[in-house]
Amino acid sequence: MEFTEWIRGRTDEQLRALVSARPELITPVPAHLEGLASRAGSPSAIARVLDRLDRFTLAVVETLAVQDGPMPRERLRELVGAALADDDAESGPRDAEPALSAALDRLFELALVYGPDDALDLGPGVRKVLEDPAGLGPRAVDAFRHHAPEQLDEMADEVAPGTEGSGKERLAAALAEPAALVESVSPEARGALDQLAWGPPAGRVPNARREVSVASARSPIEELLARGLLAATGEESVTLPREVGLYLRGGRVHRGLLALPPPLEGTARDRKLADRTAAGQAFTFVRSVEELCERWSVEPPGVLRTGGLGVRDLKRTAAELDLPEWATALVIEVTHAAGLIAAGGGVDGEWLPTSGYDLWRVRATADRWVTLALTWLHMDRVPGLVGDRDDRDRPFNALHTDLRRSSAPGVRAATLGVLAAAPGLAPARDSVLERLAWEQPRRRGPLREQLTEFALREAEQVGVTGLGALSAHGRALLEGGEPAQVLAPLLPEPVDHVLLQADLTAIAPGPLTSELNRWMTLTADVESKGGATVYRFSESSIRRALDAGHGGEELVSMLSRHSATPVPQALSYLVTDVARRHGRIRVGTASAYIRCDDPALLDQITADRRSAALRLRRLAPTVIASRSSRAALVDSLRAMGYAPVAESLDGDVIISQLDSRRTEGLAPVRAVASPNGLDPEVAVAAVRALRAGDAAHLARREPVDAPGGQVPRGPATATISALQEAIKQGVRVWIGYLDSQGNATSRILEPARMEGGYLTAYDETRAAVHRFALHRITGVAGL
């Protein structure tokens, strides 16, 4: 049976399952089923679907690939059963039928295997994509294809004397039953064969194309080359022919094959405790993002010329957030990917919060976490690489484009999928890697192992896992549920008060509300973090609040309102004293000047030896000029113990707006559709279009004429509604359509699907599948 006919004989339900599992086959929709079969056999499409197979299912494909033609199901069962028998030799071969049936059902669904049970075969192109299936080398006829005919004749005369045919044919026939040749070599040569038997089948030897005979062979390798048990594929490379490899394996294709995924090993966790731990970390992660944006809105770091964030800025931010550098890089990268920070602020560029941050900040904590967690799950950036070096020994900087890895989202999803398979278990790293190697054996490699380790570490830091086990809200996030609803009851309740101490400190007995947290960060300095955050008030912190526009009485009132204890007298005196002295001295631009209504205070400044570097000059009893800049003059006077404020050219006090700097950011990372799934309605529409196009292709129907008369016209909303209804009902419609030159035409269509501003339909007036721009459809009429 031909593959195209087999595809054509599949039911609509089976075709929908095919295109749902392999959506790349209908991007765009082929004109007919023959086109679908052709696309299913393309190397890129086959490689993508093979990458999704687990170890056992891939082994079934490799077993079929070892044989050139179709294979009966009974023979396939024997080969697979022999591989499973290695796992328990005493009990004999295990029944491979249940696992084999499930694997074949999957392969039929993916159109990788087709045909009846007595002649199962791989789809077109699958054997070409599989290089060295099951670790077996090429067949003898392919392994010796680069050898000279004269050399092959000489080899065939020695290993198969008296036979007829070309040298390659005689040698291939002798290697089809290689027992005598293998048994005739020395123990050392047999040891070399055994090393290549279970793969990889290729090796490197010097001068592999040397001319050697059985009589002149002086080394184990020469013995094998002379008998054709090894084939030279290059000047220094050899390979083991497939027939020899199968003989050395005793006729088996695999060994130690597991029909089920290996069990996960790790530490059992109390699920409620794990959920609470993850929720606490989720809250901490949200606060870290908020604190990062608040700090960078006041003191934004610069953008490197090569892009990214400087190492010093990363270290400074890590110290401010009280996090390790790798965790700080994670916070920064997720914040950037979520569109909350971006490069802006002038020619050289600075990393600033975006306007999207202000919208994100006012949402509920659980909703904010979902945004960050989804961003982490789907972004293609790898924060764990920050600090490592590339091939040119250059360091990877945070926020640099070099951190992109296209496989990162898939690895995170696969890793969390492994954790989801074992509720309440914190699996060990090696156990997770072993499970992933079974689930996706073609995607193994050092980078994948590194990305898996990053995913486990980052999931804990983001709050998706707790104590190493997947949390309830993490599972809802992975499965597309309502993680915010699951997380909200687990989050610590924010408190709206602090405990003021007599030593000018304040203790937050829990996580503060967002507004109170911002106000406390402005008015006091964080001294320590933990179960309870300790803030310390100082003259500089009080002045910082006054510079932001708050008054002394307002500060005392705010402290009284949000303190569970009375305001200590020492703190009240500190606020009052700093507020009394604050702003008595005014600094403007001369280059700069000092203005004060108290001449005695200006006398004190000019008499101070520390003011000599400012080069002050008295202009009037209440005015002093300086050659220093206004900012430098304010900083110097504050260092001398005064409390000046800056004023504008109009004499108004300049208030420091700590949260006023914003920039426009890029669009945040969006959740992408699963590579293994497709919207059911799209699958239905695609199959309908394929069936219609295939019917026309087989019947070779001629284009039909559209009805005469007025071209259909109508409102855009009515047109779209009519098309949607036609897709659901599977009926034909008559449409008016404007071509690229603006000419009005009419078409008779069988609509298939509508997405992205386009309608995909079989056009009976052209006898082909086409895409129509919705804005060019003038109207719809029924037939």
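Calculation criteria
- Every chain is numbered on its own, with residues counted from 1 as its sequence reads.
- Local features are withheld for residues below a pLDDT of 70 in this predicted model, meaning they are given only at 70 or higher, and side-chain atom pairs are given and counted only at 80 or more; totals for whole chains, interfaces and linings count all residues.
- Think of the side-chain values as coming from all heavy atoms in the structure, minus any hydrogens and water.
- In this description a helix means any DSSP run of H or I spanning at least four residues, a strand means any run of E spanning at least two, and both kinds are numbered starting from the N terminus.
- Note that the radius of gyration is over C-alpha atoms, with the globule rule given as 2.2 Å times the number of residues to the power 0.38.
- Relative accessibility decides the category of a residue: with a 1.4 Å probe and only protein chains considered, values under 20% of the type maximum give buried, values over 50% give exposed, and everything between is partly exposed.
- Note on areas: Shrake-Rupley, 1.4 Å probe, and residue coverage restricted to the protein chains presented here.
- Neither His nor the chain ends is counted toward charge; the positive residues are Lys and Arg and the negative residues Asp and Glu.
- A charge is said to be at NZ when it belongs to Lys, at CZ for Arg, at CG for Asp and at CD for Glu.
- We treat two strands as partners when DSSP finds at least two bridges between them.
- Using a grid of 1 Å spacing that covers the protein atoms alone, one calls a set of points a cavity when a 1.4 Å probe fits there but cannot get out, and a pocket when the set is open and has protein on both sides within 12 Å along at least five of seven lines; lining residues are those with an atom within 4 Å of a point.
- Grid points are joined across faces, edges and corners, and a volume is the space filled by probe spheres set on the points.
- The nonpolar class holds Ala, Val, Leu, Ile, Met, Phe, Trp, Tyr, Cys and Pro. Asp, Glu, Lys and Arg form the charged class, and all remaining residues, Gly among them, are polar.
- Only heavy atoms matter for contacts: two residues are in contact if any of them lie within 4.5 Å across the pair.
- Per residue, pLDDT measures the predictor's confidence, with a range of 0 to 100.
- What counts as a salt bridge is simple: a side-chain nitrogen of Lys or Arg found within 4 Å of a carboxyl oxygen of Asp or Glu.
- Note on aromatic contacts: the rings of Phe and Tyr and the six-membered ring of Trp form a pair at centre separations within 6.5 Å, being stacked when their planes are under 30 degrees apart, edge-to-face when over 60 apart, and tilted otherwise.
- Exposure above 30% relative accessible area and the lack of any salt bridge qualify a residue for a patch; like charges then connect within 9 Å, and the nonpolar side chains Val, Leu, Ile, Met, Phe, Trp and Tyr within 5 Å.
- The definition of a polar contact used here is a pair of N or O atoms within 3.5 Å, where within protein one atom must be able to donate a hydrogen and the other to accept one, and adjacent residues in sequence count solely through side-chain atom pairs.
- Axis lines are fitted through C-alpha atoms, for helices just across the contact stretch, and the angle between N-to-C directions can take any value from 0 to 180 degrees.
- These descriptions rest on fixed angle ranges, namely under 35 degrees for roughly parallel, over 145 for roughly antiparallel, 65 to 115 for roughly perpendicular, and the rest for oblique.

S.K.: Looking at this structure, I do not really get the overall build of the protein. What am I missing?
M.R.: Across its full length, the protein holds 33 helices and 25 strands. In terms of overall dimensions, the protein is more spread out than a globule: its C-alpha atoms have a radius of gyration of 37 Å, far above the 28 Å expected for 783 residues. If one aligns the C-alpha atoms of the protein with their principal axes, the spans along those axes are about 125 × 85 × 50 Å. When each of the 783 residues of the protein is scored for burial, the buried share is 48%. Of the roughly 37,000 Å² that the protein leaves accessible, carbon and sulfur atoms contribute 50%. The protein carries 91 positive and 106 negative side-chain charges, and their two centres are separated by 6 Å.

S.K.: I keep staring at the sheet that holds strand S4 (residues 231-232) and nothing clicks. Help me out?
M.R.: As a general point, the strands of a sheet are linked pairwise by backbone hydrogen bonds and lie either parallel or antiparallel. Judged by pairing direction, the sheet is antiparallel, and its three strands sit side by side in the order S3-S5-S4 without closing on themselves. Of all the strands in the sheet, just strand S3 (202-204) and S4 have a single pairing partner and so form its edges. Sheet analysis places S4 next to strand S5 (residues 237-239), joined by two bridges and oriented antiparallel. The partner of Ala 231 across the bridge, within S5, is Thr 239.

S.K.: Looking at this structure, I do not really get empty space enclosed by the protein. What am I missing?
M.R.: Regions of empty space are outlined by a rolling probe, equal in size to a water molecule, passed over the atoms. Tallying each qualifying case throughout the model produces three cavities of 30 Å³ or more. Quantified by volume, the largest cavity comes out at close to 40 Å³. Taken together, Val 382, Ala 408, Val 411, Arg 412, Leu 451, Phe 454, Ala 455 and Glu 458 form the lining of the largest cavity. Elements supplying a minimum of two residues to the lining of the largest cavity: helix H21 (408-420) and helix H23 (446-462). The element contributing the most residues to the lining of the largest cavity is H23, with four residues. Across the lining of the largest cavity, the residue classes tally to six nonpolar, no polar and two charged.

S.K.: Just to check I follow, could you spell out the sheet that holds strand S15 (residues 533-536) for this structure?
M.R.: In spatial order, the strands read S12-S13-S15-S14; together these four strands make up an open sheet with antiparallel pairing. What marks the edges here is a single partner per strand, and that holds for strand S12 (499-500) and strand S14 (525-528). Alignment of strand S13 (residues 505-508) against S15, held across four bridges, turns out to be antiparallel. For Ala 508, the partnering residue across the bridge sits in S15 and is Thr 533.

S.K.: Is there a simple way to think about the side chain of Arg 73 in this case?
M.R.: By secondary structure assignment, the location of Arg 73 is in helix H6 (residues 73-85). Excluding its chain neighbours within four sequence positions, the residues that come into contact with Arg 73 are Glu 97, Ser 101, Leu 104, Asp 117 and Leu 120.

S.K.: Help me understand the confidence of the model for the protein in this model?
M.R.: Close reading of the predicted structure is inappropriate where its pLDDT is low. On average, the protein scores 86 in pLDDT, and the residues at 70 or more come to 92%. Within the protein, strand S16 (residues 585-588) has the poorest average pLDDT of any element, 72, and helix H18 (residues 325-337) the best, 95. Here residues 87-93 is a poorly scored stretch, pLDDT under 50, and it has four contacts once near neighbours within four places are set aside; other chains count. Predicted confidence for residues 671-676 stays below pLDDT 50, and this span has eight contacts to residues more than four positions away or in other chains.

S.K.: Got a minute to help me understand the pattern of salt bridges in this structure?
M.R.: Side-chain pairing between opposite charges can occur once the charged atoms of the two side chains come close. Following the criterion strictly, the structure yields 48 salt bridges and no others. Between Arg 139 and Asp 68 there is a salt bridge whose closest N-O contact spans 3.2 Å. Highlighted residues: Arg 139 in the loop between helix H8 (126-129) and helix H9 (140-143) and Asp 68 in the loop between helix H5 (55-66) and H6, separated in sequence by 71 residues. Under the relative-accessibility criterion, Arg 139 is labelled buried at 18%. One connected set of salt bridges, linked through shared partners, spans Arg 73, Glu 74, Arg 77, Glu 97 and Asp 117.

S.K.: Just checking my understanding: could you explain the packing of aromatic side chains for this structure?
M.R.: Given two aromatic rings, their pairing is described by the distance between the two centres and the angle made by the two planes. Using the criterion set out here, one finds six aromatic pairs in the structure. Between the aromatic rings of Phe 3 and Tyr 114, the centroid separation amounts to 5.3 Å while the plane-to-plane angle is 75°, which identifies the pairing as edge-to-face. Of the two residues, Phe 3 is situated in helix H1 (residues 3-8) and Tyr 114 in strand S1 (residues 113-114); the sequence distance between them amounts to 111 residues. Both rings, one in Trp 6 and one in Phe 108, keep their centres 6.2 Å apart while their planes meet at 35°; by these two values the pair is tilted. On the criterion of sequence distance, the pair formed by Trp 6 in helix H1 and Phe 108 in helix H7 (residues 97-109) is long-range, its members being 102 residues apart.

S.K.: Would you explain a negative patch on the surface in this entry?
M.R.: The grouping of Glu 150, Asp 153, Glu 154, Glu 158 and Glu 211 at the surface amounts to a negative patch. Inspection of the secondary structure assignment puts Glu 150 in helix H10 (residues 149-159). Residue Glu 150 is classed as exposed on the basis of its relative accessible area of 53%.

S.K.: Would you mind showing me how to read the environment of Glu 294 here?
M.R.: Following the sequence through the fold, Glu 294 ends up in helix H16 (residues 271-298). Counting along the chain gives 13 residues from Glu 294 to Gln 281, while the straight-line C-alpha distance between them is 20 Å. Among the polar contacts listed, one links the side chain of Glu 294 to the side chain of Tyr 357, at a separation of 2.6 Å.

S.K.: Would you explain the packing of helix H17 (residues 311-321) against H18 in this entry?
M.R.: Packed helices, taken two at a time, are described by the angle between their axes plus the distance between the axes. The geometry of H17 relative to H18 is characterised by a closest axis approach of 9 Å and an angle of 95° between their N-to-C directions. Comparing the axis directions of H17 and H18 gives the class roughly perpendicular. In contact with Leu 314, Lys 315, Thr 317, Ala 318 and Leu 321 of H17, H18 contributes Glu 325, Thr 328, Ala 329 and Ile 332. Across the contact of H17 with H18, the residue classes break down as five nonpolar, two polar and two charged.

S.K.: So what exactly am I meant to see when it comes to the side chain of Asp 608 here?
M.R.: Tracing the sequence through the fold places Asp 608 in the loop between helix H30 (599-607) and strand S18 (616-620). Among the polar contacts made by the side chain of Asp 608, one reaches the side chain of Arg 610 at a distance of 2.9 Å. Those residues in contact with Asp 608 that sit more than four places away from it in its chain are Met 640 and Tyr 642.

S.K.: What exactly am I supposed to notice about the pairing of S15 here?
M.R.: Here is the key point about a regular strand: its side chains alternate between the two faces of the sheet. With three bridges connecting them, S14 and S15 associate as antiparallel partners. Bridging from a neighbouring strand, Asp 525 pairs with Arg 536 of S15.

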